[in-house]
Each structure stands twice: as structure tokens, then as C-alpha cells.
Amino acid sequence: MNIHRVAEDFSNADLQDLYRRSEACDVVTVNDRIEELITFTTTDPKAEGFKLPWADTHDKVRLKKGHLSIWAGINGHKKSTCASQVLLHCINETKVGIASFEMEMKETFKLMCKQAAATDTVTEEFARDFATFTNEKVYWYEVMGGVKPLEAIGAIAALADKGCEIVLVDSLQFCGVSDDGGHEKLFMNQLIGLAKALRIHVMLVHHIRKPSSGGDEYKPSRFDVRGSGSIVDQAHLLLICWHNKSKAEAINAKLHGYDLSTKDLDALDQFGFELTVAKQRALPFEGTIGLHDAPGQTFSRRDGRKFGLNIPRTGVV
């Protein structure tokens, strides 16, 4: 049988009857979904979903079950670092899963441990306490490099089977679909279907196209997301990460006692990191959340404020 011919033969009466019967299960009434409909209608959308780590964002953006968020940015602009801090915050409420094809488990564990301690130097005692606290709260899919699309989907499902309600996939370019717009669109559709079916939130790290002019100072928009337009079109939430390299350089120059230029002094007054909500279906907020670099590769709403995570400590009063 020619599959393509059959798929395109919409006028075939036998096929119409076959699909009529097969699709009948998707025709529903209000009573078939009554509790879901009432809950969705009466629940405040600002109170539903997982919160980001920063208190004044809680009524602006949420990571909702059944949704897919894109975390996009230029290479080296701390997309994975920001996503890690979000996951760390969320383990107070649920289990999380990590499928990182760029960083080994030991690297992501070290990053999260430093973020939990809010320090760049972690003691062995704290690392052991953190390991005990996160055991069976954080799950890793321990595969490096590129995977096939079905392997990526299988990994997400396997992490969900462990009870993970948030799964981070880092990144799309390692999922074997970035060389074909059609495959990319289908994969995105499958990710969204999977998130909905499993009642989980999928965080997908992705890259920005190389800007036609400028470098790290360029601030991307939704139109700069690499790949087909279906990536942004299908996602429920698009967040763009931008790290202020000029400020980081000015801070480094100041620490080493170098004379600061007018540009350096201006940069010191700016935010060190910007998280831009470029698209959001669940809540009306779209805009930029200004953050600062803080100890332990965390980001804070106020300069110098430690993020950290309260965990049970062994032998600590």
C-alpha cells in the first residue's frame, strides 16, 4: 500500500468511515472532563505551576505541568546555569530530571552544589550533605553527546516514571533534529504531547542564531531563536538568557586594580544578567527580569544577596 497516497486520499469513503470510528474516542462532552474543566476555570493562573527562585517573579511567570518552555541564548550566556538554579529551587516542591548531553553528571552536580551553598568553594562536608538531600530528588539521564529523537523522548518518559515533574533537556541541538525543519517541528510537537500526557513540565535549552552584527553585547529577541519558526510557535513559554559580559569584565578589572573607563563605570550600574520572558501563554507578563551575579554561580534580584538552599546539615547545630 502506498502510504503517501492513502494519507492524501481524503475523499475515500472507506477511509473516512475508518477514521470516523477511530477518532470517536476524542469527541467528548463537558461531563467527560467536568473536574478538570472546573478546576482549570476557577484556579488563579498566578497560583498554578512551579515558581522561579526570585520572589517578585512568582506572579509573573510559572512553569506549568503539561507545558514546554524554551531557554534560549547566545553560547556562553549561562542558559544552563540559570536553568540549574531554577531546578534547584523546584526540588523543594517536586522531583526533577536532567538530560544534559553537554555536561557530565559530575559537572551538573558540582554546579548545583555550589548554587545550593551559594559559594564558589564547596566543602566536602557540604557536598556530602547535599548529595544525601538530593538523592531521589534529582535524577540524571547519564548519556553524553547526540542522541536520536526517540532516545530523547524515551529519556524524558523514563525520568517522568521516576516521579520527576520537571525535566530539563540540554539541549535541542543534541536531539538529532536540528538539520531538518520538518523533523524539528515534529519533535517539538511530540515533546508538547509528551508533557501534556505525562503532566510534567519540559525545560528545553536552545541556541540563538549568530547575530548579523555585534557580539556578546547583542540582546536577542524571539526572532533570533535558531531553527524553524515552529520552535517558538509551539512553545508555551520562551525565556531568553543574556549575560552582561561588559559588567563581568568591569568587575574583573576593578578587582585587579585597573583604571576603569567611563564605559566600565556605566556597566557596573547595570544588571549582570537578564532573563527575558519573550512569550508566555499562561500569564500576561512579557518583559525582562533583571538579575545580578551572586556567589556560587547564582543569580540574585539584589546585588550581593545570597541565594542558597536550606538543606539538613550533618553535625551542624
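Residues numbered from 1 in each chain as written. Predicted model: local features only at pLDDT ≥ 70, side-chain atom pairs only at ≥ 80, totals over all residues. Heavy atoms only, no water.

S.K.: Explain the nonpolar core here, please?
M.R.: Side chains that are nonpolar tend, in soluble globular proteins, to be buried together. In this structure, Trp71, Met203 and Leu275 are the most contacted members of the largest nonpolar core, which totals 38 residues. Examining the composition of this core, we find that six residues originate from one element, helix α4 (residues 79-90), more than from any other. Sequence-distant contacts of Met203, defined by excluding residues within four places in its chain, comprise Leu63, Ser69, Trp71, Ala83, Val86, Leu87, Ile166, Val167, Leu168 and Val169. Of all hydrophobic cores here, the second largest spans 37 residues; its members include Leu159, Phe174, Ile192 and Ile231. (Core = buried A, V, L, I, M, F, W, Y, C linked by side-chain atoms within 4.5 Å. Buried < 20%, exposed > 50% of the residue type's maximum accessible area, 1.4 Å probe, protein only. Helix = DSSP H or I, 4+ residues; strand = E, 2+ residues; numbered from the N terminus. Contact = heavy atoms within 4.5 Å.)

S.K.: Which parts of the structure should I look at to understand unusual backbone geometry?
M.R.: The phi torsion of most residues other than glycine is negative, and most of the peptide bonds are trans. Asp170 connects to Ser171 through a cis peptide bond whose omega is 15°. Its place among the elements puts Ser171 in the loop between β6 (164-170) and α8 (181-198). Unusually for a residue other than glycine, Glu136 sits at a positive phi of about 65°. Tracing the backbone through its elements, the reader meets Glu136 in the loop between α6 (124-134) and β5 (138-140).

S.K.: Hey, could you run me through the pattern of salt bridges in this one?
M.R.: Pairing between side chains becomes possible if they bear opposite charge and their charged atoms approach one another. Tallied over the entire structure, the rule returns 10 salt bridges. A salt bridge links Lys64 to Glu48, with the shortest nitrogen-to-oxygen separation between them at 3.8 Å. Taken together, the residues span a long stretch of sequence, with Lys64 in the loop between β2 (62-63) and β3 (68-73) and Glu48 in the loop between α3 (34-42) and β1 (50-51) at a distance of 16 residues. (Salt bridge = Lys/Arg side-chain N within 4 Å of Asp/Glu carboxyl O.)

S.K.: Explanation requested: the pairing of strand β8 (residues 237-243) in the structure shown.
M.R.: Here is the key point about a regular strand: its side chains alternate between the two faces of the sheet. Most of β8 is tucked away: seven of the seven residues are buried. Residues Leu237, Leu239, Cys241 and His243 of β8 are buried on one face, and the alternating residues Leu238, Ile240 and Trp242, pointing to the opposite face, are buried as well. In this structure, β3 lies alongside β8, joined through five bridges in parallel fashion. Paired with Ser69 across the bridge in β8 is Leu237. The sheet contact formed by β8 and strand β9 (residues 273-280) spans seven bridges and is antiparallel. Within β9, the position partnered with Cys241 by the bridge is Leu275. (Pairing = 2+ DSSP bridges.)

Keep in mind these values describe shape, not function.
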